[in-house]
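Observations on the three-dimensional arrangement
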Amino acid sequence: MSLEQITEQMTQRIGEGGQFKKSVKFDFGADGLVRIDDTVSPVVVSNEDGATACTVKVTMADFMEIATGKQNAQMAFMMGKLKIEGDMSVAMSLGSILG
């Protein structure tokens, strides 16, 4: 899955906003990033960098395994495949937008 496809899926899942009420950035390193900000109206889902409450650093391959259920997010975190910077409570609530 490409960065554009991930961004499109995130846009569809977050919808009009108002449910997540947080800001998070998925940093895929050289593959780019997806930033979601549901603290503003209209909600922002973009590939442009900006300040967020939480940053999730993960490779795109590991992100896809987590998003499809092939990899457990907690195990990926414990194995160092997933790094969290900032507000951990935001990271804990990502299930609502990852599906």
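Read on for an overview of the structure. Just so we're clear, the structure is a prediction, and the values are computed from it rather than from any experiment.

The strand order across the open sheet formed by five strands is β3-β2-β1-β4-β5, and the pairing between neighbours is mixed. Of all the strands in the sheet, the pair left with one neighbour each is β3 (44-46) and β5 (82-86). Going from strand to strand, the sheet's axes swing by 10° on average, the running direction of each strand aside. Relative to β5, strand β4 (residues 54-58) is paired through five bridges, and the arrangement is antiparallel. Each residue of the ladder has a partner; that of K57, found in β5, is K83. Against the sheet, helix α1 (residues 3-14) makes contact with β1 (23-27), β2 (33-37) and β3, and its axis sits at roughly 15° relative to β2, the strand it touches most.

Across all of its chains, the model carries two aromatic pairs by this definition. Between the aromatic rings of F28 and F63, the centroid separation amounts to 5.2 Å while the plane-to-plane angle is 70°, which identifies the pairing as edge-to-face. Of this pair, F28 sits in the loop between β1 and β2 while F63 sits in helix α2 (residues 60-67), and the two are 35 residues apart along the sequence. Pair check on accessibility: F28 and F63 agree, each one buried.

The next subject is the pairing of β1. Of all the five residues making up β1, four are buried; the element is thus mostly covered by neighbouring parts of the structure. With five bridges connecting them, β1 and β2 associate as antiparallel partners. Opposite D27, over in β2, you have L33 as the bridge partner. As judged from the four bridges shared by β1 and β4, these two strands associate in the parallel manner. Looking at β4, one finds that V24 is bridged to C54.

Cut-offs and rules
Residues numbered from 1 in each chain as written. Predicted model: local features only at pLDDT ≥ 70, side-chain atom pairs only at ≥ 80, totals over all residues. Heavy atoms only, no water. Pairing = 2+ DSSP bridges. Helix = DSSP H or I, 4+ residues; strand = E, 2+ residues; numbered from the N terminus. Axes fitted to C-alpha atoms, helices over the stretch in contact; angles between N-to-C directions. Contact = heavy atoms within 4.5 Å. Phe/Tyr/Trp six-rings, centres within 6.5 Å; stacked < 30°, edge-to-face > 60°. Buried < 20%, exposed > 50% of the residue type's maximum accessible area, 1.4 Å probe, protein only.

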